[in-house]
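# Structure assessment
Letter by letter, the chains look like this.
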Amino acid sequence: MKIALLGYGKMGKVIERIALERGHEIVLKKDEFNTYDGLSTADVAIDFSVPTAAVSNISSCFNNNVPVVSGTTGWLEHFDEMVALCNEKQGGFISSSNFSLGVNIFFELNEYLAKIMSQFDSYKVSMEEIHHTQKLDAPSGTAISLAKGVIENSNYANWTLEEAKNNNEIHIEAKRIGDVPGTHTVTYDSIVDSIELKHTAHNREGFALGAVIAAEWLAGKTGIYSMKDVLNLK
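These lines cover the structure that appears in this document, whether it is placed above or below. All residue numbers refer to position in the chain's written sequence, counted from 1. The predicted nature of this model means local features are confined to residues of pLDDT at least 70 and side-chain atom pairs, given and counted, to a pLDDT of 80 or more, with totals for whole chains, interfaces and linings taken over all residues. For side-chain calculations, the full set of non-hydrogen atoms in the structure is used, while hydrogens and water are omitted.

## Observations concerning the packing of helix H1 (residues 10-21) against helix H6 (residues 205-218)
Fitted lines through C-alpha atoms give the axes, limited to the stretch in contact for helices. The angle between two N-to-C directions lies from 0 to 180 degrees. In this description a helix means any DSSP run of H or I spanning at least four residues, a strand means any run of E spanning at least two, and both kinds are numbered starting from the N terminus. The contact between H1 and H6 brings their axes to 9 Å, and the two run at 60°. Considered as vectors, H1 and H6 are oriented oblique to each other. The interaxial crossing formed by H1 with H6 has right-handed handedness. Residues Met-11, Val-14, Ile-15, Arg-17, Ile-18 and Ala-19 of H1 pack against Glu-205, Phe-207, Ala-208, Leu-209, Ala-211 and Val-212 of H6. For the contact of H1 with H6, the residue count by class is 10 nonpolar, no polar and two charged. Each angle is binned into one of four classes, with values under 35 degrees roughly parallel, values over 145 roughly antiparallel, values of 65 to 115 roughly perpendicular, and all other values oblique. Should the near helix be turned anticlockwise from the far one by less than a right angle, the crossing is left-handed, and should it be turned clockwise, the crossing is right-handed. Here, two residues are considered to be in contact whenever any of their heavy atoms come within 4.5 Å of each other. Residues were grouped as follows: Ala, Val, Leu, Ile, Met, Phe, Trp, Tyr, Cys and Pro as nonpolar; Asp, Glu, Lys and Arg as charged; and all remaining residues, including Gly, as polar.

As structure tokens, then:
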């Protein structure tokens, strides 16, 4: 399979290595200094760039009839535009805040726990996420996905980086420390005890492997999908 890499930073290089190990060919390694030459020859593209480049990268894929897997976060105010363009061009699209297989299982556990805990008003939920100092957005896309998972399965209405002022707000504490790949903790706290759900990434391998697996699954397909489709979690 021919893969175009849109974004060639640390994650792009790990994705490249894993894709080559799995027998794929890299036809484009796009960074800020080169063009989209070679994109149209790809079977699928993987976008791990920066928020300011994501819309251009994804649009270029749809305009070149190339399905795209995007793991870039911090650009989702334009998500509906990209969905509309995908549908217009009959493209294929998967966007996820986190492609790690473990994190997507974590998402499912988070939603299940939220349904249970919604019955118990004595517990207050909060979240903490820790990432490396080079991460540009805060909170992380993964933390936002976790918060949405709680909101959709409980009486919580929104999340905030500030101290929660209302009982229907989820406080997210975002920390930037060293070279931490990603740690996310969901805590339900009461006067008598606490329940924690935690995922710790040890390196970037899990994110990269999940993205390549998603690209393998998406190649040749049209439509809007999620990692739930890829991992058959629906």
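## Considering the pattern of salt bridges
Any carboxyl oxygen of Asp or Glu that lies within 4 Å of a side-chain nitrogen of Lys or Arg is treated as forming a salt bridge with it. A complete count under the given rule lists 10 salt bridges for this structure. Of the charged contacts, one joins Glu-205 and Arg-17 as a salt bridge, the two residues approaching to 2.2 Å between their closest N and O atoms. A residue pair is termed long-range when its members are at least 10 positions apart, and Glu-205 in helix H6 and Arg-17 in helix H1 qualify at 188 residues. Relative accessibility decides the category of a residue: with a 1.4 Å probe and only protein chains considered, values under 20% of the type maximum give buried, values over 50% give exposed, and everything between is partly exposed. The exposure class of Glu-205 is partly exposed, given its relative accessible area of 32%. Each of Arg-17, Glu-21 and Glu-205 takes part in salt bridges that share partners, so that together they form one network.

## As for the packing of aromatic side chains
Only Phe, Tyr and Trp rings take part, Trp by its six-membered ring, and two of them pair if their centres are within 6.5 Å. Stacked means planes under 30 degrees apart, edge-to-face means over 60, and tilted covers everything else. Applying the stated criterion across every chain yields a total of five aromatic pairs. Ring centres of Phe-62 and Phe-93 lie 5.4 Å apart, and the angle between their planes is 90°; this geometry places the pair in the edge-to-face category. One end of the pair, Phe-62, is in helix H2 (residues 51-63); the other, Phe-93, is in strand E5 (residues 92-95), with 31 residues separating them in the sequence. For Phe-62, a relative accessible area of 1% translates into the label buried.

## Here's the deal with the layout of surface pockets
The volume enclosed by the largest pocket comes to roughly 1,000 Å³. Broken down by class, the residue content of the lining of the largest pocket amounts to 14 nonpolar, 20 polar and seven charged. In this structure, the second largest pocket encloses a volume near 820 Å³. Method remark: on a 1 Å grid restricted to protein atoms, a set of points is classed as a cavity if a 1.4 Å probe fits but cannot get out and as a pocket if it is open with protein on both sides within 12 Å along at least five of seven lines; lining residues have an atom within 4 Å of a point. In terms of lining, the second largest pocket is formed by 32 residues, of which the most central are Ser-95, Ser-96, Ser-97, Ser-145 and Lys-148. Mapped by element, the contributors of at least two residues to the lining of the second largest pocket are helix H3 (79-89), E5, helix H4 (101-117), helix H5 (141-151), strand E11 (223-225) and helix H7 (227-230). Ranked by residues supplied to the lining of the second largest pocket, first place goes to H5 with six residues. Grid points are joined across faces, edges and corners, and a volume is the space filled by probe spheres set on the points.

## A few points about H1
Multiply 1.5 Å by the residue count of a helix minus one, and that product is the helix's expected span. The end-to-end C-alpha distance of H1 is 17 Å, a good match for the 16 Å that 12 residues give at a rise of 1.5 Å each. Those residues of H1 not exposed but buried are Met-11, Gly-12, Val-14, Ile-15, Glu-16, Ile-18 and Ala-19. Buried residues belonging to H1 abut strand E1 (2-6), strand E2 (25-30), strand E3 (44-47) and H6. Where H1 ends, the next residue or the one after it, Gly-23, has phi of about 90°, a positive value.

## A few points about the sheet that holds strand E7 (residues 158-160)
DSSP-based pairing: two strands are paired if at least 2 bridges between them are found. Ordered in space as E7-E8-E6-E9-E10, the five strands form an open sheet in which the pairing is mixed. Of all the strands in the sheet, the pair left with one neighbour each is E7 and strand E10 (194-200). Within the sheet, the average angular offset between the axes of one strand and its neighbour, ignoring direction, is 20°. Bridge count for strand E6 (residues 124-131) against strand E9 (residues 183-189) is seven bridges, and the pairing is antiparallel. Each bridged residue has a counterpart across the sheet, and for Met-127 the counterpart in E9 is Val-186. Seen against the sheet, H4 touches E9 and E10 and runs at an angle of roughly 165° to E10. Here H5 sits on the sheet and contacts E6, E7, strand E8 (169-176) and E9; the angle it forms with E6, its principal contact strand, is near 165°.

The quantities given are spatial measurements derived from coordinates; they are silent on function.
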